[in-house]
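# Structural overview
Each chain, letter by letter, is given below.
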Amino acid sequence: MHQKLALHPDRALPTDPAVRSIARRIYDEIAALPLVCMHGHVEAADLADNRAFADPAQLLVVPDHYVTRMLASQGIPLERLGVPSRDPAVRTEGDSRAIWRLFCANWSLYRGTPSRYWLEHELAEVFGVTERPSGQSADQIYDRIAAVLAEPGFRPLALLDRFGIELLATTDPATTDLAEHARLRAQGYGQRVIPTFRPDAVVYLDRPTWAADVDRLGEVAGVDTGSYTGYLEALRRRRQAFVEAGALATDHGHDTADTTPLPATEAARIYAAAHTGVVTPAEVAAFAAHMLFTMAELSCEDGLVMQIHPGVLRNHHDGIAGTFGADRGFDIPVPVDFARGLRPMLQAFGHSPGFRTILFTIDETVYSRELAPLAGAYPSVRLGAPWWFLDSPDGMRRFREGATETAGFANTSGFVDDTRAFCSIPARHDLARRIDAGYLARLVAEHRLEEDEAIDTATDLAYRLPKRAYQRLQPAR
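Scope of this entry: the structure provided in the associated data block. All of these numbers come straight from a predicted model, not from anything done at the bench. (Residues numbered from 1 in each chain as written. Predicted model: local features only at pLDDT ≥ 70, side-chain atom pairs only at ≥ 80, totals over all residues. Heavy atoms only, no water.)

## Some details on the overall build of the chain
Rules: A run of H or I in DSSP becomes a helix once it reaches four residues, and a run of E becomes a strand once it reaches two; helices and strands are each numbered from the N terminus. Here the radius of gyration uses the C-alpha set of atoms, whereas the globule reference equals 2.2 Å times the residue count to the power 0.38. Partly exposed residues are those whose accessible area sits between 20% and 50% of the maximum for their type, while under 20% is buried and over 50% is exposed, using a 1.4 Å probe and protein chains only. What makes two residues a contact is simply this: any of their non-hydrogen atoms within 4.5 Å.
Scanning the chain from N- to C-terminus turns up 21 helices and 11 strands. On C-alpha atoms alone, the chain measures out to a radius of gyration of 23 Å, which is about the 23 Å that the 2.2 N^0.38 rule sets for 477 residues. C-alpha extents for the chain along the principal axes are approximately 70 × 65 × 45 Å. Every one of the 477 residues in the chain was classed for burial, and the buried ones make up 56%. Intrachain contacts of the chain at a sequence separation of at least 6 include 76% that bridge at least 24 residues.

What follows is the structure in structure tokens.
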């Protein structure tokens, strides 16, 4: 017998009846606000192509490493989940219905996880599913979702309206020619879907594709990147191209938070050495730190907001990365020294009116120790929302409790969904709004805020703060 899937109207709100009543009133005021999605990984090409989604498994299981990593942790091989393999000896499951059945049969694995919350929201609110996933209900749910996906109104661009997305930022390599965004602009979406400049691939000298990526950077910029001077000019030109395409921010996923600048001659020497293929790990790290400082300097020129999120040991298992590629759920948090690492950058630009940086982490121990104090002191710093492993109900509560008393609300970025799972965007924003409503309700119940102030603050967190935090600043003159 199938178990019913029903979403409780008070899900994720506080359990205390008096506080829950206040939280419900706050949430009701913000639930329908437009979604401002300033950092995410939905592909611009998928939006520009505006094709129908393939099927339930290809939409909700195969590309979502939050989903596949839990199954993999229980010994289910990624190839059985349809994750494409680079190894011809590894047979990837090509039957989407079989993948979906496997996912549903293991639904119990997601109990207590944010993935469970997001998926339930998607199933019930987006697709109208009324049965809880299981081995018995898998085919019925698959057929229901497939029918919705076949509807003409369920194309990617139509979902921007259905989901209430006012603004969606994609994340794009520095080497892109922005052709997909040009196509979106031609379709009338240029002000609604905007690019974000991510240069990581061309600043880490030891990446296998670095030389080819730098050549491509020069090609799209129309500059010879054979020299360090030409490389900097190419970056400057591509940043300007992103600005002209509507970009508001850059994105930097560095190994550490080090921003120590190098003398120009030393940076040029290391850059030249990289072109010969002879560069040490210490030189790679020093050049990356120097370039993070340089990117801050360029942000002072063009006004792009600088997102920094260090502290991840990516592709922890070489075999998984080699067979299945990156972003397969094997990126693991590591400690980062933000206070010392960012000091050179903040010494130089922390009080510049033309500079802003948003700091993210997946190590929540630094919220109260380093990040909230930095955001609560420097006018150029905003504290990014909890994401990745931390945008869970309890993770977001701990963030508010650990950061607010030092940074306040105004020095934070508002919610950032950080997802490539397009249909989970409304679920992620909804959960964040419920958690914030609950936190603010407690402040009201403790007579630390008035209810009208709590509603105003909740509106800031859900809608106004992301727009303020990511507003492109006027370049310094």
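## Considerations on the side chain of H65
Within the fold, H65 resides in helix α4 (residues 65–73). Taking the relative accessible area as the measure of exposure, H65 reaches 12% and is therefore buried.

## Focus: the sheet that holds strand β2 (residues 165–169)
Rule in force here: Should DSSP find at least two bridges between two strands, the strands are regarded as paired.
In spatial order, the strands read β1-β2-β4; together these 3 strands make up an open sheet with parallel pairing. With partners counted over all chains shown, the strands left at the sheet margins are β1 (35–37) and β4 (193–194), one partner each. The pairing of β2 with β4 spans 2 bridges and is parallel. What sits directly across from L168, in β4, is V193.

## Examining the nonpolar core
Put simply, the rule is: Put simply, a nonpolar core is a bunch of buried Ala, Val, Leu, Ile, Met, Phe, Trp, Tyr and Cys residues held in one set by side-chain atoms that sit within 4.5 Å of each other.
Counting residues in hydrophobic clusters, the biggest one holds 60 residues, and the most contacted among them are Y231, F287, M291, L342 and M345. If you tally residues by element for this core, the top one is helix α14 (residues 281–302), at 10 residues. Setting aside residues up to four positions removed in sequence, F287 forms contacts with V203, L205, Y228, Y231, L262, A267, I270 and Y271. By size, the runner-up hydrophobic cluster in this structure holds 53 residues, among which are V61, F103, F127 and L157.

## A few points about the packing of helix α5 (residues 96–105) against helix α7 (residues 138–149)
The relative placement of two packed helices is expressed as an angle between their axes plus a distance between the axes. The condition is simple: Axis definition: a line fitted to C-alpha atoms, over the contacting stretch in the case of helices. Angles run 0 to 180 degrees between N-to-C directions. These descriptions rest on fixed angle ranges, namely under 35 degrees for roughly parallel, over 145 for roughly antiparallel, 65 to 115 for roughly perpendicular, and the rest for oblique. Definitions for this section: a left-handed crossing has its near helix turned counterclockwise from the far helix by less than a right angle. A right-handed crossing has that turn clockwise.
Close contact between α5 and α7 brings their axes to 9 Å; oriented N to C, the two are set at 125 degrees. Considering the angle they form, α5 stands oblique to α7. In this structure, α5 crosses over α7, and the sense of that crossing is right-handed. In contact with S96, R97, W100, R101 and C104 of α5, α7 contributes A138, D139, I141, Y142, D143 and I145.

## Considering empty space enclosed by the protein
The criterion, for reference: Only protein atoms enter the 1 Å grid used here. Points where a 1.4 Å probe fits but cannot escape make up a cavity, open sets with protein on both sides within 12 Å along at least five of seven lines make up a pocket, and a residue lines them when an atom lies within 4 Å of a point. Grid points are joined across faces, edges and corners, and a volume is the space filled by probe spheres set on the points. Note that Gly is not counted as nonpolar here; it falls among the polar residues with everything else outside the nonpolar set of Ala, Val, Leu, Ile, Met, Phe, Trp, Tyr, Cys and Pro and the charged set of Asp, Glu, Lys and Arg.
This model, assessed by the stated rule, comprises 4 cavities of 30 Å³ or more. When its volume is computed, the largest cavity comes out at roughly 90 Å³. In terms of lining residues, the largest cavity is bounded by A385, P386, M396, F399, R400, T412, S413, G414, F415, A432 and D436. Among the secondary structure elements, those contributing two or more residues to the lining of the largest cavity are α19 (393–407) and α20 (425–445). Considering each element in turn, the lining of the largest cavity owes the most residues, 3 residues, to α19. A per-class count over the lining of the largest cavity returns 6 nonpolar, 3 polar and 2 charged.

## A short note on the environment of A57
Examined against the element boundaries, A57 turns out to sit in helix α3 (residues 56–60). Distance in space between the C-alpha atoms of A57 and A44 is 21 Å, their sequence separation being 13 residues. The contact partners of A57, leaving out residues within four places of it in the chain, are V62, P63, S96, I99, W100 and Y142.

## Brief notes about the side chain of E120
Structurally, E120 can be placed in helix α6 (residues 114–126). Judged by relative accessible area, E120 falls into the buried class, the value being 16%. Setting aside anything within four residues of it in sequence, one finds E120 in contact with L5, L7 and W107.

## Here's the deal with the packing of aromatic side chains
Worth spelling out the cut-off: Each aromatic pair joins two rings of Phe, Tyr and Trp (for Trp, the six-membered one) with centres within 6.5 Å, and gets the label stacked for planes under 30 degrees apart, edge-to-face for over 60, and tilted for any other angle.
By the definition in use, this model includes 23 aromatic pairs. An angle of 20 degrees between the planes, with centres 4.0 Å apart, marks the rings of F360 and W387 as stacked. Here F360, found in the loop between β10 (357–359) and α18 (366–375), pairs with W387, found in the loop between β11 (381–383) and α19; they are 27 residues apart in sequence, far enough to count as distant. Side by side, F360 and W387 carry an identical accessibility label, which is buried. Consider the rings of F409 and Y439, whose centres lie 6.3 Å apart with planes at 70 degrees: the pair is edge-to-face. Separated by 30 residues along the polypeptide, F409 in the loop between α19 and α20 and Y439 in helix α20 bring together distant segments of the chain. For F409, a relative accessible area of 17% puts it in the buried group. With a relative accessible area of 8%, Y439 lands in the buried category.

## Thoughts on the layout of surface pockets
The volume enclosed by the largest pocket comes to roughly 1,400 Å³. Looking at the largest pocket, it is lined by 44 residues, and the ones nearest its centre are R198, R207, R314, A326 and D327. Contributions of two or more residues to the lining of the largest pocket are made by α2 (44–49), α4, β3 (172–173), α9 (179–186), α10 (200–203) and β8 (312–313). Ranked by residue count, the leading element in the lining of the largest pocket is α9, at 3 residues. Of the residues assigned to the lining of the largest pocket, the class counts are 16 nonpolar, 12 polar and 16 charged. Along the wall of the second largest pocket there are 21 residues; nearest its centre are D46, F53, Q58, L59 and R420. Sorting the residues of the lining of the second largest pocket by element identifies α2 and α3 as the ones contributing at least two each. When its residues are assigned to classes, the lining of the second largest pocket shows 12 nonpolar, 2 polar and 7 charged.

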